[in-house]
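Each chain, written out:
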Amino acid sequence: MREWAGDVVTGLSSGDADIRDAKRVRQVVEQARPDWVVLAAAYTDVDGCESNQDLAFAVNRDGPVNVATAAKEVGARLLFLSSDYVFDGKKSTPYEVDDARNPQGVYGRTKAEAEIRLLELMPDCCIARTSWLFGIDGKCFPDTILKLAANRPALDVVNDQRGCPTYTVDLARAIVQLCRKNAQGIVHVTDEGDCTWFEFATEIVSGAGLATIVRPVSSQQMARPAPRPAYSVLSATTLRALGIEMPSWRDALSRYLQARPKPIG
Ligand SMILES: NC(=O)c1ccc[n+]([C@@H]2O[C@H](COP(=O)([O-])OP(=O)(O)OC[C@H]3O[C@@H](n4cnc5c(N)ncnc54)[C@H](OP(=O)(O)O)[C@@H]3O)[C@@H](O)[C@H]2O)c1
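This section reports on the structure supplied with the text. (Residues numbered from 1 in each chain as written. Predicted model: local features only at pLDDT ≥ 70, side-chain atom pairs only at ≥ 80, totals over all residues. Heavy atoms only, no water.)

Summing up its helical and strand segments, the chain has nine helices and ten strands in all. Radius of gyration (C-alpha) of the chain: 19 Å, near the 18 Å computed for a compact globule of 265 residues. Along the first, second and third principal axes, the C-alpha set of the chain runs to 55 × 40 × 35 Å. Per-residue burial for the chain yields a buried fraction of 47% across its 265 residues. When contacts within the chain are restricted to residue pairs at least 6 apart in sequence, long-range pairs at least 24 apart make up 83% of them. In the form shown here, the chain has an accessible surface area of approximately 13,100 Å², with 50% of it arising from carbon and sulfur atoms. When the 31 basic and 34 acidic side-chain charges of the chain are each reduced to a single mean position, those positions are 2 Å apart. (Helix = DSSP H or I, 4+ residues; strand = E, 2+ residues; numbered from the N terminus. Rg over C-alpha atoms; globule rule 2.2 N^0.38 Å. Buried < 20%, exposed > 50% of the residue type's maximum accessible area, 1.4 Å probe, protein only. Contact = heavy atoms within 4.5 Å. Areas by Shrake-Rupley, 256 points an atom, 1.4 Å probe, with all protein chains shown as cover. Lys, Arg positive; Asp, Glu negative; His and termini not counted. Charge placed at Lys NZ, Arg CZ, Asp CG, Glu CD.)

Have a look at this one:
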């Protein structure tokens, strides 16, 4: 919303419209009659999706179908946010937009199925796959690491999952550009560069000037309900072809650390 200067933008929360409610979604889209609908809403608890599969598919696959149907009815374009978790993580070079989907967990399956349905329903929609988001408002990895590091002498962080951390401000700027450029099809939108969660945590702790020791561990040592791809670096080829360049995740992290409200005392 903040990045969209100069245009009329309507922000809708889950309280305004639950995307599972097709009738309500149609009402709000009909009311706003926008040129573009940007759909960021999702059930994003990756582990929660494993134990709440019906909810996960209802929100993450059927919800986007409701939104796309409503957008189509008023002649609006749709930009849908998808995820690196549609891939299995078995590659060791960046995933291109046309690499085969093979999600490992329920969350990734819901996103992959949504992509397929949306491309059938609305072939000119834009699917922006992103990854490892962090931002000022809300829970995110750097925020969790900083809170833990403030109270612990050492932290264990997984070192066998590699991806592209992406600052929400950079993603928002890219989304605005994608809409202005009338982008369609699948694009990968992440900050430049890649790292493991351990490398990311190390940079967060040192960037914040903390002395906490960060220790590398394996995913097996930190077992979670949902499997995560070991490698989910997304190639920027398609984004670059559209003339959109992303900053590096290290630059993004330092802007995040500066923008973050400082703890009192
Ligand atoms: N976070 C990541 O690392 C990451 C990586 C790749 C892709 N993505 C995708 O990027 C998008 C944004 O992710 P995020 O991490 O910023 O998400 P988030 O912080 O979890 O926010 C999700 C939003 O969706 C809303 N929502 C949930 N269920 C809804 C429903 N049934 N109807 C309407 N709204 C609903 C939530 O509203 P309430 O708070 O009111 O429930 C919340 O505002 C998502 O599509 C996600 O799949 C995220």
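Resuming the write-up.
Right, let's get into empty space enclosed by the protein. One pass over the structure, following the stated rule, counts one cavity of 30 Å³ or more. The space that makes up the largest cavity amounts to roughly 50 Å³. Taken together, the elements giving at least two residues each to the lining of the largest cavity come down to α2 (46-51) and α4 (106-121). A total of three residues in the lining of the largest cavity trace back to one element, the largest contributor, which is α4. Per-class residue counts for the lining of the largest cavity are eight nonpolar, three polar and one charged. (1 Å grid on protein atoms, 1.4 Å probe; cavity = no way out; pocket = protein on both sides within 12 Å on 5 of 7 lines; lining within 4 Å. Points joined across faces, edges and corners; volume = space filled by probe spheres on them. Nonpolar A, V, L, I, M, F, W, Y, C, P; charged D, E, K, R; others polar.)

Our focus in this paragraph is the packing of helix α7 (residues 197-207) against helix α9 (residues 249-259). Running from N to C, α7 and α9 point in directions that differ by 40°, and their axes come no closer than 10 Å. Taken together, the axis directions place α7 and α9 in an arrangement best described as oblique. With respect to the hand of their crossing, α7 and α9 are arranged in right-handed fashion. On the side of α7, the interface is formed by E199, F200, E203, I204 and G207, while α9 contributes W249, R250, L253 and L257. By residue class, the composition of the contact of α7 with α9 is five nonpolar, one polar and three charged. (Axes fitted to C-alpha atoms, helices over the stretch in contact; angles between N-to-C directions. Parallel < 35°, antiparallel > 145°, perpendicular 65-115°, else oblique. Left-handed = near helix turned anticlockwise from the far one by under 90°.)

Looking now at the sheet that holds strand β2 (residues 77-83). Pairing is parallel in the open sheet, where four strands are placed in the order β1-β2-β3-β8. A strand with exactly one partner marks an edge of an open sheet, and here the two such strands are β1 (36-39) and β8 (185-188). With strand direction ignored, the average angle separating the axes of adjacent strands in the sheet is 20°. Judged from the five bridges that link them, β2 and strand β3 (residues 126-130) form a sheet pairing that is parallel. Paired with S83 across the two strands is T130, which belongs to β3. (Pairing = 2+ DSSP bridges.)

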